[in-house]
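Each chain, written out:
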Amino acid sequence: MTEQDRVTVNDPRGPVNNGEGHQYVFYGAGVDWMIRKGVESLRIAHEDRVRLADRFVPPVGYRVAADRLEKPGSVVLLTGPPGSGRRAAAIMLLHGFEEDGGIDQEGARFEELPAIAEDESLLAPGEGDRFLLDLSGIADEETYRKAQRRLAVRRSQVQEAGAHMVVILPSVMEHAHAPDFEPHTVKLERPRGVAVITRYLRMDRMPFSPADLASADFQHLCDRSPMRELARLAGLVRAARDSGRFGADFAGWLDQAMHAVTDRAGEVGLQVAAVRTVPERALLLATAMFEEAHADIVYEAWHGLMKTVGYEEEATTELARTDFGERLTGLGIERDPDGRLRFERLAYADAVRTYFWANFPGVRDDLRNWIGRAAGLRGLTTDDRVNVVVHFGERALAVGRPDHLFALVVRWADRATGTPCDPRAVAALELGLGHERFGGWFRKRMYEYVVKPGSLSNGLVRVLTVACFQSLAATHPDQAVVRLHYLAVRKGKEAREAREALLDLVGRDRRLYRLLIDRLRDRAHRDPHGADPHLQLLTELLRSDRAPDPPHWPDLFLGWKTVFSQPATELWGPLVSSWLNAVAGDSTRKMALDVMVGATCGRAAALHRLYAIACVWAGSTHHPSRAAVAVLFWQYIDHVQYGRPERADTEPRTMEEA
């Protein structure tokens, strides 16, 4: 089975999870940039796990691991060669608790932990939570020793909380495994490749028989290829079928797909060797980067590329040169009836992009600058622009240049005008955040940007907000809260958008809600003179419409205690009134009145302010329920202020009796 974070990584037509429907989502459902070849996403959304479960073939050793993980507090360590399906097995082991009905989906976390922990990263597991820790990418002993020390702490926390954790150990570090790993370690071996691809093909409703899979070349691929390559092969078979360009039978589709995975690199190498002129090579690459875009746009991008690399065109008129159509035909490029360009052979564009980035390292800076401009060409649709970003991002990350991708994020965000958020910048940043190898690099870069003093451009604040809300929150929610917090306490309209995103995010999760309360209380106590924006945010967070339902009174008590320990501000009115309204609408929430009064710790100024707010609130409209709530609230205040013993004896049993 595929060894990847997002199971549709090699699926060019699979579904995309863009998070909850929210005002920060900027593009339509047709954009499938997260699921391209080579994009290693850290998302493990529920719908992705369900799709993976439909296609999953357990590797050897899977059942042993499942039995060991079943007990609450269990930690299972997986070993096995790369390509054996370790990652997919880890995800399915944890997902199995949902399938068996053993975990409440609403209450339990399913989260991937960063291999190299950041200072602000917290675990705080709860009963039934599930964690994946993938250490397979660690290749040096010092980093691995640090990771093992961190793992020991996490194991203890998971065991004490009754949670579950699966850890993928690095295969190249077997000699450095801690001795106490042995009792918890399960070795996996790859499943039969033909079983994996058969499962994929059947889920895609492919019309085939066992005889169609009997060729020696196909069997060789199944026996030797990593699981993710088999998933890619199945995806290419489906792409060949769906394109309608490669016949109407399974044998033709499979033949095209096998050529795509085995021969394309060599074919591109031969073509580039035969094509020696700058214009021809530039057109080949421009078409690969802008495949499926209109021919006129590719033409403009082509000329932009030649200019970027310093090529001076012939002085003769264009009418005297080889025409554009002839150039396309000579390079094996088709123009469809709508005027869009594509290569004649399946998956050829991807092979062209891979070849140029691997074999022309000296022009990578030029290619970054070219894409920075060309991705904004007029006539490109939003999907076209995002596709170009993905094509560039895949190659930049594949050759170890995340800085090239992030530089474009900043460039596009800084220049965004007239739109809420530049889709190119968001796509590029989310692509980086979801990458298996460089996701941590992008998270750290974001952190460095949000914490440094000085101003960020309005566009970049918006891009960082969107990426935190709809991408980072799905994989590393604690880190999303931290970054949104820094953005939310800045000044300006964009900070308000970050604040709304932050409050929306924590309002869905009690643990994140408590995390933000603790952060804001800490900032308020640590720096009283600079606490204003944090106190404002805390006051807004503690309103009744922001609190989880049902409210967790100890969390609210701690937050209110911090607010009421400070001098009263105009923000107290909306906060207190929101809870008076909540109690008036639902008598089961009258606990809020007692807890709120208790949070004043008997401070006279705070009690007087609460009393005055209730007076204004009760007098704003003559309604019996308001009067009853106000009377009850005043009784709680009197009891704390004057120690009147009659409170417990005379408290109304219902709101109507007040």
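Residues numbered from 1 in each chain as written. Predicted model: local features only at pLDDT ≥ 70, side-chain atom pairs only at ≥ 80, totals over all residues. Heavy atoms only, no water.

## Side note on the overall build of the protein
Then comes step 1: For the protein, the helix and strand inventory stands at 29 helices and seven strands.
Then comes step 2: Counting every position in the protein, which comprises 658 residues, the buried fraction comes to 55%.
Then comes step 3: Carbon and sulfur atoms make up 50% of the accessible area of the protein, which totals about 28,300 Å². (Helix = DSSP H or I, 4+ residues; strand = E, 2+ residues; numbered from the N terminus. Buried < 20%, exposed > 50% of the residue type's maximum accessible area, 1.4 Å probe, protein only. Areas by Shrake-Rupley, 256 points an atom, 1.4 Å probe, with all protein chains shown as cover.)

## Regarding the pattern of salt bridges
Oppositely charged side chains may form a pair once their charged atoms are brought near each other.
Then comes step 1: Following the criterion strictly, the structure yields 37 salt bridges and no others.
Then comes step 2: Of the charged contacts, one joins Arg109 and Glu111 as a salt bridge, the two residues approaching to 3.1 Å between their closest N and O atoms. Accessibility assignment for this pair places Arg109 and Glu111 in one class, buried.
Then comes step 3: Its salt-bridge partner being Arg546, residue Glu540 comes within 3.6 Å of it at the nearest N-O pair.
Then comes step 4: Salt bridges here are not isolated pairs; linked through shared partners, they connect Arg109, Glu111, Asp129, Asp478 and Arg511. (Salt bridge = Lys/Arg side-chain N within 4 Å of Asp/Glu carboxyl O.)

## Looking at the pairing of strand S4 (residues 164-168)
Then comes step 1: A large share of S4 lies buried, amounting to five of its five residues.
Then comes step 2: Burial of S4 is two-sided: the residues His164, Val166 and Ile168 facing one way and the residues Met165 and Val167 facing the other way are all buried.
Then comes step 3: Bridge count between strand S1 (residues 75-79) and S4: four bridges; the pairing is parallel. Bridge assignment links Val75 to a residue of S4, and that residue is Met165.
Then comes step 4: Bridge count between strand S3 (residues 130-134) and S4: five bridges; the pairing is parallel. The residue of S4 that forms the bridge with Leu132 is Val166.
Then comes step 5: Remark: the S3/helix H4 (residues 141-161)/S4 crossover connection has right-handed handedness. (Pairing = 2+ DSSP bridges. Right-handed = clockwise from strand over helix to strand, strands pointing away.)

## Brief notes about the side chain of Arg327
Then comes step 1: Turning to its location among the elements, Arg327 is positioned in helix H12 (residues 324-330).
Then comes step 2: Setting aside anything within four residues of it in sequence, one finds Arg327 in contact with Pro279, Glu280, Leu283, Trp302 and Thr322. (Contact = heavy atoms within 4.5 Å.)

## Focus: the pairing of S1
Then comes step 1: Of all five residues in S1, five are buried; the element is thus mostly enclosed.
Then comes step 2: On S1, burial covers both faces: Val75, Leu77 and Thr79 on one face and Val76 and Leu78 on the other are all buried.
Then comes step 3: Two strands pair when backbone bridges link them, and S1 and strand S5 (residues 185-187) are joined in this way by three bridges, in the parallel orientation. Residue pairing across strands places Leu77 opposite Thr185, the latter belonging to S5.

## Comments concerning the environment of Arg523
Then comes step 1: Tracing the chain through its elements places Arg523 in helix H22 (residues 510-526).
Then comes step 2: Along the backbone, Arg523 and Pro533 are 10 residues apart, and their C-alpha atoms lie at a distance of 9.7 Å.
Then comes step 3: Contacts of Arg523, omitting those with residues within four sequence positions, involve His485, Tyr486, Ala531 and His534.

## Notes on the confidence of the model for the protein
Then comes step 1: Confidence in the prediction of the protein, expressed as mean pLDDT, is 86, and 87% of residues score 70 or more.
Then comes step 2: Helix H14 (residues 364-374) holds the highest mean pLDDT among the elements of the protein, 98, whereas helix H29 (residues 646-650) holds the lowest, 39.
Then comes step 3: Confidence drops under a pLDDT of 50 for residues 645-658, and excluding neighbours within four residues, the segment shows 22 contacts in the predicted structure. (pLDDT = per-residue confidence, 0-100.)

## Focus on the packing of aromatic side chains
Then comes step 1: Counted according to the given criterion, the structure contains 19 aromatic pairs.
Then comes step 2: With a centroid separation of 5.8 Å and 70° between ring planes, the pair formed by Trp357 and Phe392 is classed as edge-to-face. Of the two residues, Trp357 is situated in helix H13 (residues 348-359) and Phe392 in helix H15 (residues 382-398); the sequence distance between them amounts to 35 residues.
Then comes step 3: Classification of Phe392 by relative accessible area gives buried; the value is 1%.
Then comes step 4: Arranged with centres 6.1 Å apart and planes meeting at 80°, the rings of Phe406 and Trp441 form a pair that is edge-to-face. In this pair, Phe406 is assigned in helix H16 (residues 402-414) and Trp441 in helix H18 (residues 439-451), connecting sequence segments 35 residues apart.
Then comes step 5: Assessed through its relative accessible area of 3%, Phe406 is described here as buried.
Then comes step 6: Trp441 gets classed as partly exposed once you look at its relative accessible area, which sits at 30%.
Then comes step 7: Cluster of aromatic residues (ring-pair linked, three or more members): Phe406, Trp441, Phe442 and Tyr449. (Phe/Tyr/Trp six-rings, centres within 6.5 Å; stacked < 30°, edge-to-face > 60°.)

## Details of the environment of His435
Then comes step 1: Relative to the helices and strands, His435 resides in the loop between helix H17 (423-433) and H18.
Then comes step 2: Sequence spacing of His435 and Ala398 is 37 residues, and the spatial spacing of their C-alpha atoms is 10.0 Å.
Then comes step 3: Among the polar contacts made by the side chain of His435, one reaches the main-chain amide nitrogen of Arg437 at a distance of 3.1 Å.
Then comes step 4: A distance of 3.2 Å separates a polar atom in the side chain of His435 from the backbone nitrogen of Phe438. (Polar contact = N/O pair within 3.5 Å; in protein donor to acceptor, adjacent residues only side chain to side chain.)

## Here's the deal with helix H5 (residues 193-203)
Then comes step 1: When H5 is considered as a whole, its buried residues turn out to be Gly193, Val194, Val196, Ile197, Thr198, Tyr200 and Leu201.
Then comes step 2: Summarising the contacts, the buried residues of H5 are in contact with helix H1 (46-55), helix H6 (216-224), helix H7 (227-243) and helix H8 (250-262).

## So, the sheet that holds S4
Then comes step 1: Spatial strand order, S2-S3-S4-S1-S5: five strands in an open sheet with parallel pairing. With one partner strand each, in any of the chains shown, strand S2 (110-113) and S5 form the two edges of the open sheet. Here the strands of the sheet are splayed against their neighbours by 20° on average, with no regard to which way each runs. (Axes fitted to C-alpha atoms, helices over the stretch in contact; angles between N-to-C directions.)

## A short note on the packing of H22 against helix H23 (residues 532-541)
Then comes step 1: Taken N-terminus to C-terminus, the directions of H22 and H23 make an angle of 150°; their axes are 9 Å apart at the nearest point. Crossing geometry of H22 relative to H23 is assigned as left-handed. Touching Tyr513, Leu516, Ile517, Leu520, Arg521, Arg523 and Ala524 of H22 are His534, Leu535, Leu537, Leu538 and Leu541, all from H23.
Then comes step 2: By residue class, the composition of the contact of H22 with H23 is nine nonpolar, one polar and two charged. (Left-handed = near helix turned anticlockwise from the far one by under 90°. Nonpolar A, V, L, I, M, F, W, Y, C, P; charged D, E, K, R; others polar.)

## Section: H17
Then comes step 1: Of all 11 residues that make up H17, 11 are buried, and the element is covered over most of its length.
Then comes step 2: In the core, the buried residues of H17 are packed alongside H14, H15, H16, H18 and helix H19 (458-475).
Then comes step 3: Between the side-chain oxygen of the N-cap and the backbone nitrogen of Arg424 there are 2.8 Å, and the N-cap of H17 in question is Asp422.

## Digging into the nonpolar core
Then comes step 1: Ranked by internal contacts, the top residues of the largest apolar core, which has 133 residues, are Phe290, Trp560 and Phe564.
Then comes step 2: When residues of this core are assigned to their parent elements, the largest contribution, 10 residues, is made by H19.
Then comes step 3: Counting residues in hydrophobic clusters, the runner-up holds 29 residues, among them Ile197, Leu236, Ala257 and Ala260. (Core = buried A, V, L, I, M, F, W, Y, C linked by side-chain atoms within 4.5 Å.)

## A closer look at the packing of helix H25 (residues 572-585) against helix H26 (residues 591-598)
Then comes step 1: It is at 9 Å that the axes of H25 and H26 come closest, and there the two elements cross at 155°. Classed by the angle they form, the pair H25 and H26 counts as roughly antiparallel. Across from Val576, Trp579, Leu580 and Val583 in H25, the residues of H26 making contact are Ala592, Leu593 and Met596.
Then comes step 2: Along the lines of polarity and charge, the residues of the contact of H25 with H26 split into seven nonpolar, no polar and no charged. (Parallel < 35°, antiparallel > 145°, perpendicular 65-115°, else oblique.)

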